[in-house]
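Breakdown of the fold
What follows is each chain in one-letter form.
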Amino acid sequence: MSRSLREVVFVDGVRTPFGKAGPKGLYAETRADDLVVRCIRELLRRNPALPADRVDEVAIAATTQIGDQGLTIGRTAALLAGLPKSVPGYAIDRMCAGAMTAVTTTASGIAFGAYDVAIAGGVEHMGRHPMGEGVDPNPRIISEKLVDPSALVMGSTAENLHDRFPHLTKERADAFAVASQQKYAKAVANGQIGPELVTVATRSAENGWGLATVDEPPRPGTTVEGLATLKTPFRPHGHVTAGNAAGLNDGATACLLADEETARELGLPIGMRLVGYGFAGVEPEVMGVGPVPSTEKALARTGLSIEDIGLFELNEAFAVQVLAFLDHFGIADDDERVNPWGGAIAVGHPLASSGVRLMTQLSRQFAERPDVRYGLTAMCVGLGMGASVIWENPNWEGAAE
């Protein structure tokens, strides 16, 4: 039988406020799976037209799948969130691009006709589960020189990127980082960041009960002069600092995806249409360049060019990684299309959750920008990969012409 692919739409996305990892962070004594549950429940609360039994799949990503981030977290979170027991779920891992892969995988199922509605997201509690906890890398990876030993330390891969592209100086990285903080603070003040946040009840032995309502990592008073004085922990006299990189964070995200016909049938909002996506591998020791080939692949397969992209949501794992992307495509460091509401350097990067944060922000920007037709969400991925997803704005004014 012949089968035509269906249009996939991003309906809605939410996230918890992001916290600082560690014993004094917002979520020091909050379980990772409870953060996911909070997001799933909020999606259903915000979209009452969606019957819970119409959800066909729950895909939740985590990089460190252990403890309260283990046990097939997509299924356990679905049960804990009160979804019918008939709704299946699974866990997924592509390191930083976990939630992004949860989206592309379930979206492909929707396009194919296996699902009508899916929930996709991610969580990372880096305070409870530091990146690499419990892993056992095969010694052949190093002994047979399959990768450079620095490939297993993300900060070292960012230093390697500075080596490869010496014109991407520490000064440029610091300036980009300061701009990220400033753009984030402005977006919060304007009410652009905030409506997507899910309030989370927290409890600690030291402080008792509390509510997480805002992001913890931002440093609004950051200056270039201040960043210049920070230590370079990955290399003596290096370039990468705590100021021009994302921190260690806790948080969760989730979004609703649907076939466009189903969304219209149920009266669900349509935030974006999926155009296409690409994943690509690069040398693990310079994993930060990953979004370059993955974006080129996504553009080639959709017949678009980089000039067609009117908004970019690029994950700021490290400033140099975003600069390498911009440099490759001939985009200025301060181009207004890039991360207009700031990025991970300000808001944080709870690894596997970040892809859906990018998408949620792009969807909200599309609603403000009918002059923009296409947007890109992209990120570098540990062990040498890139991930890119292209979206179309349903509010594009040219559609009516």
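These figures come from a predicted structure and were not determined experimentally. (Residues numbered from 1 in each chain as written. Predicted model: local features only at pLDDT ≥ 70, side-chain atom pairs only at ≥ 80, totals over all residues. Heavy atoms only, no water.)

With that settled, the discussion passes to the UniProt feature "domain: Thiolase N-terminal" (unreviewed entry) in the chain. Within the UniProt annotation, "domain: Thiolase N-terminal" (unreviewed entry) is assigned to residues 8–260. Between the C-alpha atoms that bound residues 8–260 there is a distance of 6 Å. The span itself is 31% helix and 19% strand. (UniProt positions renumbered as here; feature names shortened; annotations may be inferred. Helix = DSSP H or I, 4+ residues; strand = E, 2+ residues; numbered from the N terminus.)

Attention shifts here to a nonpolar patch on the surface. Nonpolar side chains collect at one region of the surface, where Ile-142, Leu-152, Val-153, Phe-234 and Leu-383 lie side by side and expose about 380 Å² of accessible area between them. Along the chain, the position of Val-153 falls in the loop between α4 (140–143) and α5 (154–164). (Patch = residues over 30% accessible without salt bridge, like charges linked within 9 Å, V, L, I, M, F, W, Y side chains within 5 Å. Areas by Shrake-Rupley, 256 points an atom, 1.4 Å probe, with all protein chains shown as cover. Salt bridge = Lys/Arg side-chain N within 4 Å of Asp/Glu carboxyl O.)

Attention shifts here to the nonpolar core. Most often, soluble globular proteins have nonpolar side chains that are buried together. In terms of nonpolar packing, the biggest core is built from 41 residues, with Phe-312, Leu-314, Phe-318, Phe-325, Leu-326, Leu-376 and Ile-390 touching the most fellow members. Those elements giving two or more residues to this core turn out to be α5, α6 (170–189), α9 (291–302), β10 (309–314), α10 (319–328) and β11 (374–381). Of all the elements, α10 adds the most residues to this core, at seven residues. Not counting chain neighbours up to four residues away, the residues in contact with Phe-318 comprise Met-154, Gly-155, Ala-158, Val-240, Asn-244, Ala-245 and Met-287. Core analysis: the second largest hydrophobic core is formed by 38 residues, Met-126, Phe-279, Leu-311 and Leu-358 among them. (Core = buried A, V, L, I, M, F, W, Y, C linked by side-chain atoms within 4.5 Å. Buried < 20%, exposed > 50% of the residue type's maximum accessible area, 1.4 Å probe, protein only. Contact = heavy atoms within 4.5 Å.)

Where helix α1 (residues 32–46) contacts helix α2 (residues 73–80), the two axes come as close as 9 Å, and the packing angle between them is 60°. Taken as axis vectors, α1 and α2 run oblique relative to one another. Judged by the sense of rotation from one axis to the other, the crossing of α1 with α2 is right-handed. For the pair α1 and α2, the contacting residues are Asp-33, Val-36, Val-37, Ile-40 and Arg-41 in the first and Ile-73, Ala-77, Ala-78 and Leu-80 in the second. Of the residues in the contact of α1 with α2, the class split is seven nonpolar, no polar and two charged. (Axes fitted to C-alpha atoms, helices over the stretch in contact; angles between N-to-C directions. Parallel < 35°, antiparallel > 145°, perpendicular 65-115°, else oblique. Left-handed = near helix turned anticlockwise from the far one by under 90°. Nonpolar A, V, L, I, M, F, W, Y, C, P; charged D, E, K, R; others polar.)

Next up on the list: the packing of aromatic side chains. Under the counting rule described, the total for this entry stands at four aromatic pairs. A ring pair is formed by Phe-10 and Trp-391, whose centres lie 5.9 Å apart and whose planes are at 80°; its orientation type is edge-to-face. A residue pair is termed long-range when its members are at least 10 positions apart, and Phe-10 in strand β1 (residues 8–15) and Trp-391 in strand β12 (residues 385–392) qualify at 381 residues. On the basis of relative accessibility, which here comes to 1%, the residue Phe-10 falls in the buried class. On the accessibility criterion, Trp-391 (0% relative accessible area) is buried. Their ring planes at 65° and their centres at 5.9 Å tell us that Tyr-277 and Phe-279 sit as a pair that is edge-to-face. On the basis of relative accessible area, Tyr-277 is assigned to the partly exposed category, the value being 31%. (Phe/Tyr/Trp six-rings, centres within 6.5 Å; stacked < 30°, edge-to-face > 60°.)

Here the focus is the pattern of salt bridges. Taken as a whole and judged by the stated rule, the model has 20 salt bridges. A salt bridge links Glu-42 to Arg-38; its shortest N-O distance comes to 3.8 Å. Taken together, the positions of Glu-42 and Arg-38, both in helix α1 and four residues apart, correspond to about one turn of that helix. With a shortest N-O distance of 3.3 Å, Asp-68 and Arg-128 are connected by a salt bridge. Separated by 60 residues along the polypeptide, Asp-68 in the loop between β3 (57–61) and α2 and Arg-128 in the loop between β5 (117–125) and α4 bring together distant segments of the chain. You can call Asp-68 buried: its relative accessible area is 6%. Given the relative accessible area of 33%, Arg-128 is considered partly exposed. Because the salt bridges share partners, they merge into one network encompassing Arg-38, Glu-42, Arg-45 and Arg-46.

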